[in-house]
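Notes for the structure review
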Amino acid sequence: MPQYFGKLPINHQPWTTIGNVDAVTWNNKTINFESNNSRLTITILAPNLIRVRFAPTGEFMPRRSWAVTLDDAEWTTTPFTVRETQATVEIETSQIRVSVQQQNCRITCFDKAKRPFAEDTETGMGWRMGAVAVWKQIAADEHFYGFGERTGFLDKLSEVKTNWTIDALDYDALTDEMYQAIPFFMALRPEVGYGIFFNTTFWSQFDIGAEQPGVWKMETRSGELDYYIIYGPEPAQILNTYTQLTGRMPLPPKWALGYHQCRWSYDSEIVVRELAQEFRQRRIPCDVIHLDIDYMQGFRVFTWSSQRFPNPAKLISDLAQDGFKTVTIIDPGVKYEPEANYHVFDQGIENDYFVRKADGELFHGYVWPDKAVFPDFLRPDVSNWWGDLHKSLTDIGVAGIWNDMNEPAINDRPFGDDGNKIWFPLDAPQGGGEDKGNIPVSSSTHIEVHNLYGLIMAKACYEGLERHRNSERSFVLTRSGYAGVQRWSSVWMGDNHSLWEHLEMSLPMLCNMGLSGVGFVGCDIGGFAGNATGELFARWMQVGMLYPLMRGHSAMSTARHEPWVFGDRVENICREYINLRYQLLPYIYSLFWEAATTGAPILRPLLYHFPNDPQTCTLYDQVFLGASLMAAPIYRPGIEHRSVYLPLGTWYDWWSGECYEGPIHILAHAPLERMPLYVRSGAIVPMQPVKQYVDESPLDEIRLRIWPGNNEYQLFEDDGHTSKYQDKSFALTNIRVFTQTSKTVVEIGAREGKWTPPTREAIVELVGFGEQRFPDDGKQHRLEF
Ligand code: MIG
C-alpha cells in the first residue's frame, strides 16, 4: 500500500448506478431491498427519522458508529406501513412517506401535504472504486445550512463542502476543509425542511449545486452509503432529532459562561498575576484565564516551566481566591525524548500507546516540542491513560482544558524549517480493542478515523476531568472535532484574523455550528492573528458578548488585546458589554439548559425562528441570542448606521424602548458605544446585578424584565457547578405573560425540581408598557419566588 502523506488518492472512474428492485422484505424496523448484487435498507427510527444504507457489494460492513448515540435496535419501535405498487414501494410513518421506485431504487420523501423532499435525481445512488455517492434534487427556494464549521456566509447553496479535518490557519471565505468535520446539514424552504447526517468518518464531500445547478450530491471514499434523513419541517425539530441521534452538550459549569481571557502567551506567573489584578482593579468582570503552550517545560505536555511557573499550585490557588479559574492548553504531540525521564513519553513507549505506521515503525512528526509522537486515542487503554494524565493538573486546581492541534496538525520537519503539513499515513493502524455494546471492534486505519482524532482526544480529556474533579462539571475546549463533539467539548473557530471581515464572518460561522448541533462555540474576540484597532476591538467585544463562549485571544508577536490597551473609551465599552453579559447570565444560563435538553442553538440566525419568512434565508448579520434578544451588530469601520430587518411581530429597541411593528426595515443609529439590540414582544429576560466573576457572591437579586405580549418562559437555576442537576437538583420556574382585555398578566408558576434558590429579592420590571404600571411602586414590582 502506498504511503499517503497529506493527499488522498483521486478517482476519475465513471459511476455505476443501482438497478431495479428484485425483492422487498421487511420486519418491524427495516425495509430491505435486493437489487442485482447490491443491497439497500431503509430503517425507520422515529416518525421523522429514517436511516438509509446502501452496499454496492450487497454486504454491509460491520459499522462502528462514532457519532451516533443509539444503535438502530435501541430506538423505540415506530409504527409504519409498507405498500407495494407496480411502480413504487411506499413506506409511511405518522409524519412522512418514503417512496422507492421499483425501476431504479430512487428514494423520494414526502410530507403530509405531499410535498417532496430529499428526492433522488434520475441518477440516485452510484459507486465506483472506493467511493459511493447519492444525487438529490435542490427544490426551488431551497437553502442549505449547518455543515459544521464553515467560513463564508450562512447559506451554502452552490458551494462544495469537504469533510476532512485540517489545521485551517489563514482561512478566509474561500476555505473549504476546516478544523472540524461535521457531515450534517439542513435544507430549508418555506414550509418544508429536512436534515441529512452523512454517517461516515472517511473523507466525504457535499456538493450543493456547484457541479450541477439544481442537484446536490454527497460522496464518501468508503464502501458503503449510510445516511439519516431527518424531517423537520422547522430547524428546531430537525436539531432536536439530530441531537437525539448524535447527543447533546452536558451543562457546563456556570463560570464557563463568563468572560475568558487568553493570549499566546501569558508566559510567566508574574504576567498572569498582573493580568488578574488589572481585571479586578479596573472592575472588568472575568472568570477564566487560559494558559497557552509556554506554561510548559519546553512544550512537554503535563509539565510546567520551572523558571516561569515555579509554583503553579500556589498561583492557581491565589487566582482562585480572586475568583479566576485556570484553563491550560494540552496538545496531542508528545515530545520524542528517550532516556530523559519524561514520564509521558516513557509511559507511552512502555505501553505502546503511540501511533505506529503500517510497517510497525513508530510514527513521528514535528510540532511545538519538536520531534513528537502521538497517542492513539481510539484505543480505550490509551484514552484512559491520557485522561488520567490530567490528574496532575486537576490536583493543583486546573479547572478546564483547552485542546489544540488535534486535527492532527503536524509538520514533516521541525517548526521554522519550512516543512509541509502532514498527518498520519492513511494506512497507519489505529484503535482496536473497543467493546461497544458487546460488539468487539477491530482496529482501523487512519483513512477511516482521521476525522475523529480531535473528537476522541477531547472525549478522553473530558472523561479524565470527570474522573478527577469530584463531580465538578468539566470544561473542555477543542479545535478539532466531528459530529457529536458537543457531548464532550466546546469549540472555538481556530485562528481568525484581526480583520473586520472576520468579525463579520464570525456570526454566520457560529450560527452554522449551532445549526450543526454544537451550541457552545466562540471565535477569538479581537482576532487571533494581527493587530486590532481600538474601534475593531470595541465592536468585537460587543459581538463577543453574544458568543456562547466569550473568549478574547491573540497570537504571539501581535499587539496586546486586553480590554484596557486601547484607551479609556474602548475600555469603557468593553466594560459595559462584559457587564451586560454578566447581567444577562440567568438568561444565557437558561439557554444552555435548553441546549442541553433539546439541542437548540444558543446563538441563532433569524431563519431559526422565522423559517417561512424569505427575508431571513440569507440574512447572516443579525442574530438571536435565545428567542427574545436580537442583535444587529456593526462590523465595519466608521459605520454608525445600519439597516435592520425586524420580522413579523412587535419589536422594542433594547436601549431606547422604541417600539416597531414588523415586518419592517429600519435604520439603526449605532455610535461606537451602541450595538443595536432588539427585544421581541412578550420577552421575559431574567437578569442579575453585575458580578466580577460568576460565583462572586450568592445571587441576592433577580430581575425579570418583561415586555408586552404573550409568551411562556422557563428560568433554569441550580448550584452551577456540580452534576447534581442530572438528578433533578435544579429549579425550573415557569413564567407566563399574557394580555387580558386591558391588562397584562404575569404569572409565575410553581417551581419544578429539587433545588431551592437562596433567598433573594425578585423584581418584575415591565418595559414598554407606557405610563401605566404597577399601582404600588411604579415601574417595578417586588415579590418572592
Ligand atoms: O501553532 O498554542 O489555534 O489558539 O494560541 C499554533 C499556540 C498553535 C494554534 C491555536 C491558537 C494557539 C496557538 N496554536
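Residues numbered from 1 in each chain as written. Predicted model: local features only at pLDDT ≥ 70, side-chain atom pairs only at ≥ 80, totals over all residues. Heavy atoms only, no water.

Enumeration according to the criterion identifies 47 salt bridges in this entry. The residue E119 makes a salt bridge to R106 at a minimum N-O spacing of 3.6 Å. Residue E119 is located in the loop between β10 (116–117) and β11 (120–128), and its partner R106 is located in the loop between β8 (97–101) and β9 (107–110); the two are separated by 13 residues in the primary sequence. Note on E119: relative accessible area 23%, which makes it partly exposed. With a shortest N-O distance of 2.9 Å, R703 and E765 are connected by a salt bridge. Here R703 is found in strand β46 (residues 701–706), whereas its partner E765 is found in strand β50 (residues 761–766), with 62 residues between them in sequence. Residues R703 and E765 agree in their burial class; the two are buried. (Salt bridge = Lys/Arg side-chain N within 4 Å of Asp/Glu carboxyl O. Helix = DSSP H or I, 4+ residues; strand = E, 2+ residues; numbered from the N terminus. Buried < 20%, exposed > 50% of the residue type's maximum accessible area, 1.4 Å probe, protein only.)

Neither face of strand β22 (residues 288–291) is exposed, since V288 and H290 on one face and I289 and L291 on the opposite face are all buried. Viewed along the sheet, the connection from strand β21 (residues 259–261) through helix α2 (residues 269–281) into β22 turns out right-handed. The pairing of β22 with strand β23 (residues 325–330) spans four bridges and is classified as parallel. Across the sheet, residue H290 finds its bridge partner in β23, namely V327. As for the winding sense of the linkage, the β-α-β connection from β22 through helix α3 (residues 312–321) to β23 is right-handed. (Right-handed = clockwise from strand over helix to strand, strands pointing away. Pairing = 2+ DSSP bridges.)

Next up on the list: the sheet that holds strand β7 (residues 88–92). Strand order in the open sheet made by the five strands is β6-β7-β8-β9-β10, with antiparallel pairing throughout. Two strands bound the open sheet, and with one partner strand each, they are β6 (81–84) and β10. Here four bridges tie β6 to β7, and the two strands are oriented antiparallel to one another. Among the inter-strand pairings, T81 is bridged to a residue of β7, identified as E92.

As a further point, take the pairing of β23. Each regular strand carries side chains that alternate between the two faces of the sheet. The buried fraction of β23 amounts to five of the six residues, a majority that puts the element mostly inside the structure. Two strands pair when backbone bridges link them, and β23 and strand β27 (residues 400–403) are joined in this way by four bridges, in the parallel orientation. Counterpart to I330 in the pairing with β27 is N403.

Moving on, we get to the packing of aromatic side chains. Using the criterion set out here, one finds 52 aromatic pairs in the structure. A ring pair is formed by F54 and W127, whose centres lie 5.6 Å apart and whose planes are at 50 degrees; its orientation type is tilted. With F54 in strand β5 (residues 49–55) and W127 in strand β11, this pair connects stretches of sequence that are 73 residues apart. Connected via pairs of aromatic rings, a cluster forms that spans F302, Y336, F345, Y353, F354, F363, F374, F377, W385, W386, F424 and Y453. A cation sits over an aromatic face here: R705 above W654, 5.0 Å from the ring centre. (Phe/Tyr/Trp six-rings, centres within 6.5 Å; stacked < 30°, edge-to-face > 60°. Lys NZ or Arg CZ within 6 Å of the ring centre and 35° of its normal.)

With that out of the way, let us pick up the domain arrangement of the protein chain. It is common to give the size of an interface as the accessible area that goes away when the parts come together. Split into domains, the protein chain comes out as domain 1 (16–232), domain 2 (254–598), domain 3 (603–680) and domain 4 (698–784). The gap between the C-alpha centroids of domain 1 and domain 2 is 33 Å. Tallying the contact residues gives 43 residues for domain 1 and 44 residues for domain 2. Between domain 1 and domain 2, the buried area comes to about 3,700 Å², and carbon and sulfur atoms account for 56% of it. Remark: the boundary between domain 1 and domain 2 carries two salt bridges. (Domains from an automatic or database assignment. Contact = heavy atoms within 4.5 Å. Buried area = accessible area lost by both parts, 1.4 Å probe.)

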